[in-house]
Each structure stands twice: as structure tokens, then as C-alpha cells.
Amino acid sequence: MIDDTLYPSLLAPFTLAGKTLRNRVVHASMTTLMGANRGVTEQLIQYHASRARGGAALIVTEPLSMAPHQNIPYKVRAWNDDNLDGLQRWAAAVESHDCRLLGQIQDPGRGRHAPGRNPDAVGASALPDDLSWTVPHALTAAEIRKMIDDFARSAERLQRCGFSGVEISAGHGHLFHQFLSPWSNARTDEYGGDLAGRTRFLAELVAALRALCGRAFIVGLKLPGNDGVRGSIGPAEAAPIAAHLTASGDVDYVCFAQGTHARTLELHVPDGNGPRAPYMPLIRVLRQAIPGVPVVALGRITDPAEADAIIERGDAELVGLGRTLVADPAWLSKAARGRAHDIRYCVSCNTCWDTIVTQHKPIACDNNPRVGANAEVDWWPSPASQRKRVVVVGAGVAGLEAAWVAAARGHDVTAFGSSGEVGGKTRLRALLPGGEALSSVYDYQFAAAQRAGARFELGVTATAADIIALRPDTVVLAAGATMLPPRWLPHDVRDLVPDLRTAMSAMLGHRGKQGGAAVIFDMDHTEGTYASAELLRTIFDRVVVITPRESFAYDTALVTRQGIMRRLHEQRIETVVLSEPRWSAACEDGALEYENVLHGGSGVISDLAFLAYSTPRAPDYSLCEPLRATGIEVRLVGDCLSPRGVLAATAEGHAAGNSI
Ligand SMILES: Cc1cc2nc3c(=O)[nH]c(=O)nc-3n(C[C@H](O)[C@H](O)[C@H](O)COP(=O)(O)O)c2cc1C
């Protein structure tokens, strides 16, 4: 039962373009990469229908292909009649849950994340993209007008298919943003120059949409709030842009985005290294420039009470949730039923961004192994046909996920964890700077496992005999992996130099300052290593990170890497590339020599006070063969199968628990 006294402001209805929204929750546009062959897939429909079923009042789709030049396989084609059936089914699946569906109009323009240039890019001016240095073809005035016409006709097709409106994405450094900003728009014709010129493309598009689709069609505008680039659009420029574009009364809502396609891209998806809801102070200021225009607050809003307070204070009329609803489509319906503690919260890790942008795979989530799967909303497994005895070895996030799902399916589950607490390496990461939100992964799993009746043996390193004594039908081995000592570290001194995880576990309780340099040898390049460096920086005079690669944080998404690089710089953490330490007796006296791996040149850190290595990990599957030898079925999951991150761990634990 919905209890509308719980979050009265968030649950209050609202009206846009004469259409009723049942509450204030907007699913912000998220590229899912679930479209295929330029068409609508069942998974794409399912993903959005689940978010509608879970409570969202309005969903903005990912960018659609709204003009013939937008010829990308995963973008759903809306500029001709190829997909009428798919578009209709998509709209019906969402709207049948009393949720309004808006198609997004966007073009990347010159923006490109991947290495290399985009020879097909179009833009405001022939000026290079800040990340890829792509120089676009500068659109002619005739091409702009053709594009406006294409976009408006496609929007009208969406309307015929049952969509309630469109959102124009003019933030994030894409094409419209490029026109708005003097940094990227150096045109001398009517689409450049002063504010009226730079906003003309968008203003004409809004007018064309209204002319073709009428007043009862929602037209939303995502605008830059502060793109963080000097000479581009800061708050002082964002306010008049918003005022100018909404003056006609044709825009139904405005949503302010941050960052742009430059070194500030990280700002558009704020992670755990900053405050929650970081853009509310700016949104509060900018909304004053557009009195009477509904505002969608956006940016790391993850908690229902936080969202309710934003509406209640009058800081915005609606809240936009991107990653929050990827992590849990039932976010609102759980909250509204007094079950906020059951939400799988967004941990702001940006794995979702990494999956689509770096890996070119459908969107995935560290804390939701079922993104886009069927029955995703408030999922609880159906009972297994036969109850089995299951032993899970390891209470990290892979083991915990397997344990709760298997127990919820009715199996008799015993889980061993060598530590006294659950969460494994993810718990350690949660205790390092920027990691706090990660606790939601194992907190949810542990609570669900207990609710489902799993038994835990914590602080016990299970032997094969312990496990066999329980007569299991199946063992899920989730014993993790251990960092390998680097080759430059002689065998006889390995006791002197710990791996970074062991070292950081010991440092967590450390109080006070310590002189000298802390050195991390980095063959890891994931963000836990740099979070460790940040913690060490609060203790030691100096922190030096040495890597044999030519740069740092290779194995992180671009948006994560930008933040890492910025913090390393801000905290004056020293970095040495293309180098490896050279061990000698002098190390024990505090002098660490390192050598360039290309030319052999050397340097020395003369005040060494701490040294640890962060290296590739070897899986620990030592129990596998002894157990299999007795005929027990053994499944390896997470790092124990192949060392990777939280995403693989939760996904594999989930699949194992769900298939026993
Ligand atoms: C994986 C991912 C994909 C996104 N795709 C889009 C997109 O296609 N269009 C868009 O306007 N914004 C996109 N965004 C930005 C979100 O709409 C939103 O502005 C941002 O994630 C901040 O909101 P959040 O903190 O609730 O996630 C994307 C963000 C992420 C993380």
C-alpha cells in the first residue's frame, strides 16, 4: 500500500502541458545501448516499462535517431516509418503504467569519447572537440533549418506513436550546447554571435515542435548550468540563456546539467568523491532566472527523503533520477510503501557509464545485476523446484549475492566468511575516501540473505573438511583473489612489503601524521588504488605513486579518471610514470630507487616511510579440486573465477544463486 504521508511532496501529482504526472519523479535520459539495428528491442521496452512500473511519473528516453544523418545502430530510428510498431509498443508499455514517455532529441556534434576523430561530425564551427580534437563540419544555415525540420517531423511521429513529448538535450557539450557556447560557436551568421544568435537554433527548434505537435505535447529542455570551461557557459551565462529560451512560454520544463565534453565531463555524473545532490545550490540560483518554469533538479539525488525535501523546499518542481533508477527501478514504489531500507541504492560508481562508453555494452550496474531483465521491479526469486544444501565460501559481494539469491529460492544456505564482517574488499573500498556509498551493495545483500534464512559463519576460514562436513549439493566458491608480489621484489624480503589492500586495512585505524614518503607501486589502475593514495596523503608528508605504464588510471572510465587526475593534483600526490622500483639494501634504510622501464634512467625517493604494491590478483580457488574430487558441484564466481570489479562479482554471484 502506498503511504502518501511518507514523502508527501515527492508523491504529489503535477501537470506538464496539460498532462498529469502522478508524482514528481522523472527518469533522466540514460543511454542504455539496448537498441539494436536502429530499432526498438524487447529489452529496451522492458527496461523502460520496469522504471514506469516501479513508480516514475515521466521517463525521458535515450537520444533517438531523429534525422537521417544520425545513423547509429543502437539509436532507434524515428525519422521514418521503419519503427512505427516498435515505437508504439514502447510508448504503450510505459504509458500503460500512467507514466509519460518523452523521446530525447540530441546530437553529439563534434563530441567523441573514443580515440581518434569523427569524420562525420557536424558542429557550430570548425573548432576542435576538447577531448577527441575532432573538427566538425560547420553546419550551414540551410542545414540547420533542415535539421530543425527533421527533428520536428520525427517528434510528430513520436506523438502519433503515443509519446507524450520530447526533451531536447542541450547540455553535456553536445551539438546544441556547442551552439550555445562562445567557446565552440564562432559563427558570424544569424546562428552565432550574441545570445540571440547562439540560442536561435534551439529557439527555432522549440517553435517548430510547438507548431507541429501542438500545446498538449511536453517539450522539455536540458540546458547547461555550469560547464566548467573558462570562456564557455558558467552560471552567469546559463541564467540568461535559460531565460531567453523559455520567454516564449513554449518550454514546459528546464533541467540544468553540469560539465561538458571536455576536462569537466566528470561533472555531469558526480561520483562519491563529492557531496550528495551537489548541484542543488546552483539549481536554486538558476531557477530564479526562469520564474514560473518548472525545474527538474538533477545530479546524484539518491535518497527519497532528500528528493522529497528538494520538492518541499520549493527548490524544484520535479526530481530527475538517472543512475538512481538504473540501480533500482522500484526506488519510488519501495519508498512509498515504507520500504526505503529495501532499495538497492545507486553507489555513484559510474560503472554504468563505463559499460556503455568504454565497453560499448548495454548499461549495467554494480548494485543491480538485473538491469533490463524481466521481472526486474522489486525482484525476489521464485522458489527452486528442489531444495538443496548450498555452501558459499566467501562473504564478499560475489558470495553474498549468491547466498541471498539461493536462500531466497528456498535452498538451505551456509555462507563462510574469513573476516568477522561481510563485504570483503568492497567493504575496505567503502572505508576509503569516496567509497562510502558502496556499503549499500553488501548491506542490501546481507539483509536480504538474513531475511531469506541464510546462515553465516563469519570469522571462519573454511577448510575442505568443514565444507564436506555440511554435505552440500553445491558449493559456490567466492574466495576472492590476492595481489601478486611484483617481480622487482625479491622473495626473501616479501614480508617487508605488503600488498596495498593488506596495508590499507592496517592503516584504517591510523591516527595522526607521519613523516616521510608513502610509495605505492601501481599495476592496478583502478580507482581503489588512488583512493588509498588519498588516505595515505592525510597521514604522510608525501605520497608517490609509481607505475610502469605511461599514465595513470587506465582501467577506469573517462569520467572517473578525470576526477582521479584532478584529486591527485589537488592533493599534491606525486606521480612517476614508466618506472619500477629497484630493490636494494638501501630500501630498508629508507631510500627507494626506481628505474625508467624504457631508457633505464633512475631516480630516488630518499625518505621512504611506507611501501606497498597494488598489482594484478591471483584467484584463490585452492578449495576447488579437493571439493570436486568428492563429487560436489563447485561453481566459481567473482575474483575467484577471474579477478575483476564489483560488477562482475555481483553479476556472477547473482547468476549462480539463481541457477542452483
Ligand atoms: C550511463 C549514463 C548514460 C547517460 N546518457 C544520457 C543521455 O543519453 N542523454 C542525456 O541527456 N543524459 C545522459 N546521461 C546523464 C543523465 O541524464 C544525468 O544527467 C546524470 O546521470 C546525472 O543524474 P544522476 O546523478 O541521477 O545519474 C547519462 C548518464 C549516465 C550515467
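Colleague: How would you summarise the environment of Val 377 if you had to cite specific residues and measurements?
Modeller: Relative to the helices and strands, Val 377 is located in the loop between α12 (351-358) and β13 (389-393). For the pair Val 377 and Ser 50, spaced 327 residues apart in sequence, the C-alpha to C-alpha distance is 5.9 Å. Apart from the residues within four sequence positions on either side, Val 377 is in contact with Ser 50, Arg 53, Gly 54, Pro 329 and Ala 330.

Colleague: Explain the site of the ligand residue by residue, including any values.
Modeller: If you check the shell around the ligand, you find 22 residues, and the closest are Ser 29, Thr 31, Arg 300, Gly 322 and Arg 323. Contact distances for the ligand include 2.6 Å between an oxygen atom and a side-chain N or O atom of Thr 31. Calculation on the ligand without its partners gives an accessible area of 600 Å², and the protein chains cover 96% of this total. Elements with a contribution of two residues or more to the shell around the ligand: β12 (318-321) and α12. Top contributing element to the shell around the ligand by residue count: α12, with three residues.

Colleague: Any details on α12? Residues and values, ideally.
Modeller: Of all eight residues that make up α12, seven are buried, and the element is covered over most of its length. Of the positions making up α12, those classed as buried are Thr 351, Cys 352, Trp 353, Asp 354, Thr 355, Ile 356 and Val 357. One or two positions beyond α12, positive phi appears at His 360, with a value near 55 degrees.

Colleague: A description of the packing of helix α17 (residues 500-507) against helix α18 (residues 527-537) should follow, citing residues and the corresponding values.
Modeller: Relative orientation of the contacting elements α17 and α18 amounts to 35 degrees, with a least axis distance of 11 Å. Considering only the axes of α17 and α18, their crossing is left-handed. Contacts between α17 and α18 involve Leu 500, Met 504 and Met 507 from the first element and Thr 529, Ser 532, Leu 535 and Leu 536 from the second. When the residues that make up the contact of α17 with α18 are grouped by side-chain class, the tally is five nonpolar, two polar and no charged.

Colleague: Any details on the packing of aromatic side chains? Residues and values, ideally.
Modeller: Scanning all chains against the criterion turns up eleven aromatic pairs. Pairing Trp 380 with Trp 404 gives two aromatic rings, centres 5.2 Å apart and planes at 35 degrees, and the pair type is tilted. Separated by 24 residues along the polypeptide, Trp 380 in the loop between α12 and β13 and Trp 404 in helix α13 (residues 397-408) bring together distant segments of the chain. Residue classification places Trp 404 among the buried positions, given a relative accessible area of 1%. Between the aromatic rings of Trp 488 and Phe 521, the centroid separation amounts to 5.3 Å while the plane-to-plane angle is 90 degrees, which identifies the pairing as edge-to-face. Here Trp 488 is found in the loop between β17 (481-483) and α17, whereas its partner Phe 521 is found in strand β18 (residues 514-522), with 33 residues between them in sequence. In this structure, Trp 488 and Phe 521 share a single accessibility class: buried. In this structure an aromatic cluster arises from ring pairing among Phe 151, Phe 176, Phe 179 and Phe 201. We note Arg 451 situated over the ring of Trp 380; from NZ or CZ to the ring centre the distance is 4.0 Å.

Colleague: Which residues make up the pairing of strand β19 (residues 540-546), and what are the values?
Modeller: Among the seven residues in β19, five count as buried, and that is most of the element. As paired strands, β18 and β19 are joined by six bridges and run parallel to one another. Considered in β19, the bridge of Val 519 is made with Val 544. For the handedness criterion, the β-α-β arrangement of β18, α18 and β19 is classed as right-handed. Across three bridges, β19 lies against strand β20 (residues 574-576) in parallel orientation. The residue of β20 that forms the bridge with Ile 546 is Val 576.

Colleague: If you had to explain the sheet that holds strand β21 (residues 579-582) to someone new, which residues and values would you point to?
Modeller: Taken in spatial order, the three strands of this open sheet run β21-β22-β23, and their pairing is antiparallel. Looking at which strands have only one partner, the edges of the open sheet turn out to be β21 and β23 (602-605). Taken over all neighbouring pairs, the strand axes of this sheet differ in orientation by 30 degrees on average, direction set aside. Summarising the sheet, β21 and strand β22 (residues 592-596) pair through four bridges and their orientation is antiparallel.

Colleague: With reference to specific residues and values, describe the pairing of β18.
Modeller: Sheet faces and side chains relate simply in a regular strand, where the side chains alternate between the two faces. Of all nine residues in β18, seven are buried; the element is thus mostly enclosed. Where β18 meets strand β24 (residues 608-614), six bridges bridge the pair, whose relative direction is parallel. Paired with Asp 522 across the strands is Ser 614, a residue of β24.

Colleague: I'd love a proper account of the pattern of salt bridges, names of residues and values included.
Modeller: If the charged atoms of two oppositely charged side chains come close together, the side chains can form a pair. Enumeration over the complete set of coordinates arrives at 39 salt bridges. For the salt bridge of Asp 130 with Arg 110, the shortest nitrogen-to-oxygen distance reads 3.5 Å. A residue pair is termed long-range when its members are at least 10 positions apart, and Asp 130 in the loop between β6 (122-123) and β7 (137-138) and Arg 110 in the loop between β5 (100-105) and β6 qualify at 20 residues. Arg 542 is the salt-bridge partner of Glu 574, the closest N and O atoms lying 2.7 Å from each other. Here Arg 542 lies in strand β19 and Glu 574 lies in strand β20, a separation of 32 residues in the sequence.

Colleague: Which residues make up empty space enclosed by the protein, and what are the values?
Modeller: Taken as a whole and judged by the stated rule, the model has five cavities of 30 Å³ or more. As for the largest cavity, its lining consists of 14 residues, and the residues nearest its centre are Arg 344, Asn 368, Glu 376, Trp 379 and Tyr 444. Considering only residue class, the lining of the largest cavity consists of six nonpolar, two polar and six charged. Considering the residues around the second largest cavity, the lining is formed by 15 residues, among which Arg 110, Asp 130, Gly 173, Ser 184 and Thr 260 are closest to the centre.

Rules used throughout
- Residues numbered from 1 in each chain as written.
- Predicted model: local features only at pLDDT ≥ 70, side-chain atom pairs only at ≥ 80, totals over all residues.
- Heavy atoms only, no water.
- Helix = DSSP H or I, 4+ residues; strand = E, 2+ residues; numbered from the N terminus.
- Contact = heavy atoms within 4.5 Å.
- Near = heavy atom within 4 Å.
- Polar contact = N/O pair within 3.5 Å; in protein donor to acceptor, adjacent residues only side chain to side chain.
- Areas by Shrake-Rupley, 256 points an atom, 1.4 Å probe, with all protein chains shown as cover.
- Buried < 20%, exposed > 50% of the residue type's maximum accessible area, 1.4 Å probe, protein only.
- Axes fitted to C-alpha atoms, helices over the stretch in contact; angles between N-to-C directions.
- Left-handed = near helix turned anticlockwise from the far one by under 90°.
- Nonpolar A, V, L, I, M, F, W, Y, C, P; charged D, E, K, R; others polar.
- Phe/Tyr/Trp six-rings, centres within 6.5 Å; stacked < 30°, edge-to-face > 60°.
- Lys NZ or Arg CZ within 6 Å of the ring centre and 35° of its normal.
- Pairing = 2+ DSSP bridges.
- Right-handed = clockwise from strand over helix to strand, strands pointing away.
- Salt bridge = Lys/Arg side-chain N within 4 Å of Asp/Glu carboxyl O.
- 1 Å grid on protein atoms, 1.4 Å probe; cavity = no way out; pocket = protein on both sides within 12 Å on 5 of 7 lines; lining within 4 Å.
- Points joined across faces, edges and corners; volume = space filled by probe spheres on them.

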